[in-house]
Amino acid sequence: MRRAAVLSLAAGAAFAAACSDIGGPGVPVGIEALVPVPAVIQLGDTIRLRARAVDQNGDSVDAVIHWRTADTTVALDSTTGLVSGRFTGSAKLQPLAGTLVGPMVTFSVTRRADTVVVDAAAESLFVAIADSASAQLLPLVADSAGTGVANVRLILTLVAPTDGSVLLPGAKLADTVTTSGAGTPAGVVLRKVSGPPPDSALVEVEARRPSGAVVPGSGQRIRVFFEQ
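Only a predicted model underlies this, so the values are computations on that prediction, with no experimental measurement involved.

What counts and what doesn't
Residues numbered from 1 in each chain as written. Predicted model: local features only at pLDDT ≥ 70, side-chain atom pairs only at ≥ 80, totals over all residues. Heavy atoms only, no water. Helix = DSSP H or I, 4+ residues; strand = E, 2+ residues; numbered from the N terminus. Contact = heavy atoms within 4.5 Å. Areas by Shrake-Rupley, 256 points an atom, 1.4 Å probe, with all protein chains shown as cover. Phe/Tyr/Trp six-rings, centres within 6.5 Å; stacked < 30°, edge-to-face > 60°. Buried < 20%, exposed > 50% of the residue type's maximum accessible area, 1.4 Å probe, protein only. Core = buried A, V, L, I, M, F, W, Y, C linked by side-chain atoms within 4.5 Å. Pairing = 2+ DSSP bridges. Axes fitted to C-alpha atoms, helices over the stretch in contact; angles between N-to-C directions.

Draft legend 1. Inspection of the overall build of the protein chain at higher detail. Across its full length, the protein chain holds 1 helix and 21 strands. Taking all contacts inside the protein chain whose residues are at least 6 apart in sequence as the whole, residues at least 24 apart take part in 62%. When the accessible area of the protein chain is evaluated, it comes to approximately 11,000 Å², of which 54% is carbon and sulfur surface.

Draft legend 2. Examining the packing of aromatic side chains more closely. Here the structure, examined in full by the defined rule, presents 1 aromatic pair. For the pair Phe 126 and Phe 225, a centre-to-centre distance of 5.0 Å together with 15° between the ring planes defines the contact as stacked. Linking Phe 126 in strand E14 (residues 124–127) with Phe 225 in strand E21 (residues 221–226), this pair joins segments that are 99 residues apart in sequence. Residue class for Phe 126 comes out exposed when judged on its relative accessible area of 64%. Relative accessible area serves as the criterion here: at 29%, Phe 225 is assigned to the partly exposed category.

Draft legend 3. Expanded view of the side chain of Gln 42. The topology assignment puts Gln 42 in strand E3 (residues 40–42). Classification of Gln 42 by relative accessible area gives buried; the value is 1%.

Draft legend 4. Highlighting the nonpolar core. Grouped together as the largest cluster of nonpolar side chains are 26 residues, with contacts concentrated most on Leu 137, Leu 154, Leu 156, Leu 158, Leu 190, Ala 207 and Phe 226. Taken together, the elements giving at least two residues each to this core come down to E14, strand E16 (153–160), strand E20 (200–208) and E21. Those residues within four positions of Ala 207 in sequence are excluded, and the remaining contacts are Val 116, Val 141, Val 152, Arg 153, Leu 154, Ala 213, Val 214, Val 215 and Ser 218.

Draft legend 5. Seen up close, the sheet that holds E21. The sheet built from 5 strands is open, its strands ordered E14-E21-E20-E16-E18 with mixed pairing. Single-partner strands in this sheet number two, and they are E14 and strand E18 (174–178). Ignoring which end each strand starts from, the neighbouring axes of this sheet average 25° apart. Sheet topology note: the E14/E21 ladder contains 4 bridges and is parallel. The partner of Phe 126 across the bridge, within E21, is Phe 225.

Draft legend 6. Main features of the environment of Ala 142. The residue Ala 142 is located in strand E15 (residues 140–142) in this model. The exposure class assigned to Ala 142 is buried, which follows from its relative accessible area of 0%. The residues touching Ala 142, leaving out its near neighbours within four places in the chain, are Arg 112, Ala 113, Asp 114, Thr 115, Thr 147, Gly 148 and Val 149.

Draft legend 7. Inspection of unusual backbone geometry at higher detail. For the bond running from Val 37 to Pro 38, omega is 0°, close enough to zero to count as cis. By secondary structure assignment, the location of Pro 38 is in the loop between strand E2 (30–36) and E3. The step from Ala 160 to Pro 161 runs through a cis peptide bond, and the omega angle for that step is -5°. Within the secondary structure, Pro 161 is located in the loop between E16 and strand E17 (166–167). Within the chain, Ala 171 stands out as a residue other than glycine whose phi angle is a positive 55°. With respect to the element layout, Ala 171 can be found in the loop between E17 and E18.

Draft legend 8. Summary view of the sheet that holds strand E4 (residues 46–48). Sheet architecture is open: 3 strands sit in the order E4-E9-E8, paired in antiparallel fashion. Since the sheet does not close on itself, it has two edges, and those belong to E4 and strand E8 (74–76), each with one partner. Across the sheet, the axes of successive neighbouring strands diverge by a mean angle of 25°, strand direction being ignored. Taken together, the 3 bridges between E8 and strand E9 (residues 82–85) define a ladder with antiparallel strand orientation. From the neighbouring strand, Ala 75 faces E9, where its bridge partner is Ser 84.

Following this line, the structure appears as structure tokens:
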């Protein structure tokens, strides 16, 4: 999956049967919606809805998919599946293919992530000799008013060192999380792993909207100092 359109996909719930007679292999009998997790559309941001027609074995079948909605919280191009957030709230959308009707899927329409903020209190952390990990890394993803935005994908990357002496959660050099209701990640720390810790470490922050667009302010860094 391309980084510009990184979405965690989960299969939509049920198949919608076209008729009482189940067709053979290659004959479409239902539609499966592919829904991003979390199912979020931000104001002014545009994502493409995904669905596929399936046969009785659950295999993909060529079919023209259209979408419909009765909700005004979004603007929908029924042919392309492109949908944009217009007002905060929720939206129910449904895929169609000829006489087949797919499952109804619900999206939350939320405020748009407009900036990443790493303020003075968050940009430098200090780890005492006796501590095994830093305090939580708390970059803020906010809207234009400075209010935190939830469910934004946040990528934190350990830029230096990369020798394994300190690592992010899951013993990784990079960690992808979603922001909480406060607009900050939860439980992201830098942990001592092996050997003497470095004098300091650098973690780079990048946020992305559901469409994959990079949020302004991404690229800022948090420095973690280790007491020797």
